[in-house]
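Each chain, letter by letter, is given below.
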Amino acid sequence: MSTLTDPPKEQFRLSMLLYDTRYRSATIQVIAMFGFMLLAAWLINNTIINLNTLGKPVSFGFLGETAGYDINQRLLDYDNQDTHLRAAFLGLLNTLVIAFMGCVAATIVGVLVGVLRLSSNWLVARIMTVYVEMFRNIPVLLWIVLIFAIVTESTPHPKVYRGVETGAVVVTNRGTYLPEPLFSRSLGDVHLFGSSSLRFDISLDLIAILVVLGLSIFASIKIRQRADRIQEVTGVRPRTWHTRAAVLILPLLSLLIALGFHLGYPELKGFNFQGGTHLRNSLLALWLALSLYTAAFIAEIVRAGILAISKGQTEAASALGLRPNKTMSLVILPQALRVIIPPLISNYLNLTKNSSLAIAVGYMDITGTLGGITMNQTGRELECVLMLMLVYLAISLTISAVMNWYNEAVKLKER
Amino acid sequence: MKKSVILGAMTFAGLAAGAASAGTLDDVKARGKLNCGVTTGLVGFAAPNANGEWEGFDVAVCRAVAAAVLGDSTAVEFVPTTGKTRFTALASGEIDMLARNTTWTFSRDVDLKFEFTGINYYDGQGFMVPKELGVSSAKELDGATVCIQTGTTTELNLADFFRSNNISYEPVPIETNAEAQQQYLAGACDVYTTDASGLAATRATFDDPSAHVLLPEIISKEPLGPLVRHGDNEWGDVVRWSLNALIAAEELGITSANLNDMAAGTDNPEINRLLGTEGTLGEMLGLSADWAKNAIAAGGNYGEIFAKNIGEDTPIGLARGLNAQWTEGGLLYAPPFR
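Each value, and the rule that gives it
- Along each chain, numbering runs from 1 in the same order as the chain's sequence is written.
- All chains are assigned letters beginning with A, and all ligands numbers beginning with 1, in the order in which they are written.
- Residue-level local features of this predicted model are given only where pLDDT is at least 70; pairs of side-chain atoms are given and counted only at 80 or more, and the full residue set underlies all totals for whole chains, interfaces and linings.
- The helix count covers DSSP runs of H or I at least four residues long, the strand count covers runs of E at least two residues long, and both are numbered beginning at the N terminus.
- Radius of gyration here uses only the C-alpha atoms, and the compact-globule reference equals 2.2 Å multiplied by the residue count raised to the power 0.38.
- Annotation comment: domain bounds sourced from an automatic or database domain assignment.
- It is the C-beta atoms, placed from the backbone, that decide contacts: two residues are in contact if theirs lie within 7 Å.
- In the scheme used here, Gly and all other residues not listed as nonpolar or charged are polar, with Ala, Val, Leu, Ile, Met, Phe, Trp, Tyr, Cys and Pro taken as nonpolar and Asp, Glu, Lys and Arg as charged.
- Only when DSSP finds a minimum of two bridges between them are two strands counted as paired.
- Axis angles are defined between N-to-C directions and span 0 to 180 degrees, where every axis is a line fitted to C-alpha atoms and, for a helix, only to the segment in contact.
- Residues with at least 20 other C-beta atoms within 10 Å of their own are called buried, those with 12 or fewer are called exposed, and the rest are partly exposed. The C-beta atoms themselves are positioned from the backbone.

Caption draft 1: Focus on the overall build of chain B. A tally of helices and strands in chain B yields 14 helices and 13 strands. In terms of overall dimensions, chain B is globule-like: its C-alpha atoms have a radius of gyration of 20 Å, near the 20 Å expected for 338 residues. In terms of its C-alpha atoms, chain B occupies a principal-axis envelope of roughly 60 × 45 × 40 Å.

Caption draft 2: Representation of the domain arrangement of chain B. Residues and elements named next belong to chain B. One can read the domain layout of chain B as domain 1 (3–122 + 224–328) and domain 2 (125–220). The straight-line distance from the C-alpha centre of domain 1 to that of domain 2 is 28 Å. The partner domain 2 presents 16 residues to the 19 residues of domain 1 that form the contact. Taken together, the residues that form the side of domain 1 that touches domain 2 break down as eight nonpolar, ten polar and one charged.

Caption draft 3: Structural view of the sheet that holds strand β2 (residues 175–178) of chain A. Residue and element names in this part refer to chain A. Read across the open sheet, the three strands follow the order β1-β2-β9; overall the sheet is antiparallel. Since the sheet does not close on itself, it has two edges, and those belong to β1 (170–172) and β9 (277–280), each with one partner. The mean angle between the axes of side-by-side strands here comes to 15°, regardless of whether they run parallel or antiparallel. Where β2 and β9 come together, four bridges link them in antiparallel fashion. Considered in β9, the bridge of Leu178 is made with Thr277.

Caption draft 4: How the structure looks around the environment of Gly231 of chain B. Relative to the assigned elements, Gly231 of chain B resides in the loop between β13 (222–229) and α9 (233–252). Residues Gly231 of chain B and Lys113 of chain B lie 118 residues apart in sequence; the distance between their C-alpha atoms is 8.1 Å.

Caption draft 5: Looking closely at the interface of chain A and chain B. Counting residues at the interface gives 34 residues for chain A, matched by 36 residues for chain B. Looking at the side of chain A that touches chain B, the elements with two or more residues in it are α2 (21–53), α5 (140–154), α11 (366–378) and α12 (381–410) of chain A. It is α2 of chain A that contributes the most residues to the side of chain A that touches chain B, five residues altogether. Grouping the constituent residues of the side of chain A that touches chain B by class yields nine nonpolar, 19 polar and six charged.

Caption draft 6: The pairing of β13 of chain B, seen in detail. All names here are of chain B. Most of β13 is tucked away, with seven of its eight residues classed as buried. Of the pairings in the sheet, the one linking strand β5 (residues 97–103) to β13 comprises three bridges and is antiparallel in character. Residue pairing in the sheet places Thr102 in a bridge with Gly225 of β13. As paired strands, strand β6 (residues 114–116) and β13 are joined by three bridges and run antiparallel to one another. Paired with Phe116 across the bridge in β13 is Leu227. When strand β7 (residues 121–123) meets β13, the two strands line up antiparallel, connected through three bridges. Looking across to β13, one finds that Tyr121 is bridged to Leu224.

As structure tokens, then:
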């Protein structure tokens, strides 16, 4: 009978943390972590102590003080007697506006340019190449300044229009005026958050229009689904376009008439045009520059995405008798989207962060209000920059989350 | 880029503020160079000339301080700052003093923790408009587009002025004087508002200065002066008394022409104390005995500096007005050197 002796149970000794390869990496990581936390704590502590010595302890009380300055481009009501928090909030909205407008325009231009760059038409493809190389190889700040200079210097002074019949759209060197939608029997506004700094008025007219539009689209989809069912059963697809068009247009039209919808045209009064929607040159220049710049990157991403789809797919689609543009929209682009979306996210984030260059043209985004005038008037650099960082982080993470969710939805389902 | 400079300056502010708050005088002496914050370019006050040398009314203050401390009026590193970056640059220790036509206000002095060391120009905020606009008073500017430098007291005064007169305006925020000038000339704004001296200086650089008028309203008090960090009183004293030396020199009749004769000794004890032939004023400041002589030698007395840079014989053409000596009906009044 042979006795099997268990291998001696190894006792854990402290020295094994260093000499045993199983534990060593963990030990090093723990020590490094401690070191890192100590360094961070020292930095924070040192900053707080030094600020206290300077007599400027960290405090966010300044946000409740009167701002005292004016903001030109704004979405909500604001007055120079409002608080710094309100000014920061309006700046944040301006940032979101430019980010949203920029992302939409950049995507449209980018996809178009990306597809055209692959065109078999030599001239079109070359022009797109030049565009892409021009824009993505020059810093965006220069583009912003250049486009702003062009917009400002090449457009006429408002006084040129004195005594001239102006139409619905007026272009001046202070901005472009578009007709504004007005409602003579308006439903009024809902006031959210009372009279606090974050008060937010939403037009009930807008809500009504959106609700009606949503219902119309829902009804239209139902009609299409019914047509699909009939087609499956009988093989004959009923003509639906006229009912669908009616469902989409008629309710909206009757709502607009009920609300007394009309357009307000800009009119020259005194120094400037009054009325209408005023898109300031700073907004236009920033929007154009950011979208064209980011579109150059998106174009390359789209091109890469399309090239990543094997040629066999195109050939198979042609073999099935699909025309080239049907092939692109039904076969290639849906597959290419899987490659395109992840890098597209980072470009959206870049555009949003680049919008902080707005101060170069005097567009009052959050960097201009909170990180500019407020910071300067109150001298609260640390607090303002911390808040700015937090805001940009939150915006970026939100964009990221939304796009990741979309990416999950379109990515290849492996079963 | 500007933002990274701000951020960098701020990290630096957090880390270095403690170290920078004391002993600036020793730091400057050890460095052999004065770091002086000035504007990014406002002709007459601070702008590089054709040879790339900084000159102007504010620059002269920097040079006088450098001459008093180091005996060399060229030992200055000029750091251009915008309305927005200037305070961070000073608080962080990037610059030793700021001479950037900065208005002395309560909150800057008390809340922002700076120390104004005197007033070198008594100013007020004014408006400039093209003559063809036909405007004769700022109260007619209802609905006008106004170019304004952000991060300045003028921005707040502007809001107050239009508010109290119950008229509206559209602000066009701008970072530097040069940008404002370009926007104003391009007609992107109807009005440019800043300190009246700055308007005069800007107008002097136009192709046709006579096509633009300054409106009669002066809507604020803007006492402009050099400033240092709060809490370093020795350094504050050096800057304060260097400026006072320039002002006193004019009052006492010391000019760059007769400086050397005066420094040999005069019958006036105050001149002797100022120029170091009598008493130990320099030693009390921690400077050499001839500190004030050096400061005056750098660019002349206050009156000479004024006349050379912004006076009536220059394109800027500012009258002494409030900035005359108290003996001539102005506000300049240097405390006695005793």
